[in-house]
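In case you want the letters, here they are:
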Amino acid sequence: MSKRLEGRVALVTGGTSGIGAGTVARLAAEGAKVVFTGSNEAAAADVVGKTGARFIKHNVADSAAWAPLMERILAEHGRLDIAFANAGTESGDGSVEDITIEGWNNVIGVNQTGVMLTVQNAIRAMKRNPDGPTGSIIVNSSMNAHRAMGNFVAYSVSKAAIVALVKSAAVHCGNQGYKIR
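Below is a short write-up of the structure.

Thoughts on the layout of surface pockets
Counted as a void, the largest pocket has a volume near 390 Å³. Along its surface, the largest pocket is lined by 19 residues, and Gly14, Gly38, Ser39, Ala87 and Gly88 are the ones closest to its centre. Those elements that provide at least two residues to the lining of the largest pocket are helix H1 (18-29) and strand E2 (33-38). When residues in the lining of the largest pocket are grouped by element, the largest group, 3 residues, is from H1. Counted as a void, the second largest pocket has a volume near 220 Å³. What lines the second largest pocket is Leu5, Arg8, Arg79, Asp81, Ile82, Asp131, Thr134, Gly135, Ser136, Ile138 and Arg181. The element best represented in the lining of the second largest pocket is strand E5 (residues 134-139), accounting for 4 residues. Among the residues forming the lining of the second largest pocket, the class breakdown is 3 nonpolar, 3 polar and 5 charged.

What to know about the pairing of strand E3 (residues 54-57)
Pairing of E2 with E3 involves 4 bridges; the strand directions are parallel. By the bridge assignment for E3, valine 35 is matched with arginine 54.

So, the environment of serine 142
Note on placement: serine 142 falls in the loop between E5 and helix H5 (153-176). The residues touching serine 142, leaving out its near neighbours within four places in the chain, are Tyr155 and Lys159. At 3.0 Å, the side chain of serine 142 and the backbone nitrogen of asparagine 144 are in polar contact.

Basis of the calculations
Residues numbered from 1 in each chain as written. Predicted model: local features only at pLDDT ≥ 70, side-chain atom pairs only at ≥ 80, totals over all residues. Heavy atoms only, no water. 1 Å grid on protein atoms, 1.4 Å probe; cavity = no way out; pocket = protein on both sides within 12 Å on 5 of 7 lines; lining within 4 Å. Points joined across faces, edges and corners; volume = space filled by probe spheres on them. Helix = DSSP H or I, 4+ residues; strand = E, 2+ residues; numbered from the N terminus. Nonpolar A, V, L, I, M, F, W, Y, C, P; charged D, E, K, R; others polar. Pairing = 2+ DSSP bridges. Contact = heavy atoms within 4.5 Å. Polar contact = N/O pair within 3.5 Å; in protein donor to acceptor, adjacent residues only side chain to side chain.

This is the structure:
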C-alpha cells in the first residue's frame, strides 16, 4: 500500500463485519489511525487483531454517547479526517403491512438517525482540526434508496432519506466555507 493516509485519523461506524471491516482494514493499510465502532465485541477483536485499529463499543443511535466518543478520538489523536457512516441494520423490518413500530424504530434509529448523528458529530469534530474545518465524510447507502423493496419498508425508506441528508450536509458545509466534503 502507498501509505497515502499516513497522519490521518478515521472513524468507521459498523466496522466489525462486511464492508465496515473491509474499510477498517484498507484505511489502516493506507496508514490511517483507525477507530471503529459496533456492538459485536468478538468480531471487533478479530478486526483489531488483523488491523491494529482501535475498537470502541458504541450505538450510533444513542445521541448521548456521541460527545464522549468524539472527545476520546480528539484527545487521543488530536483530529478527525475521515468519517465513514457505515452502521446499518434490517433487524425487525418487514412489509408496510407487517412491520411493527418497534421494528420500524430500530431500523430508522440505526440507519437514519445513526447516520445523521455520525455526520453531525463528524462535522463538529472536523471543525476542531488544527488546520481548520477539513475532512471527508462518507455515507453508505444502498441501491434500495432508488429501488424500494416490498418486504423491507424501513430499510428502503432509511436509505433514501440518507441520500437527502448527505446532500443537505454538503450544502451546509459549503455554505459555511468548511473544507469538509
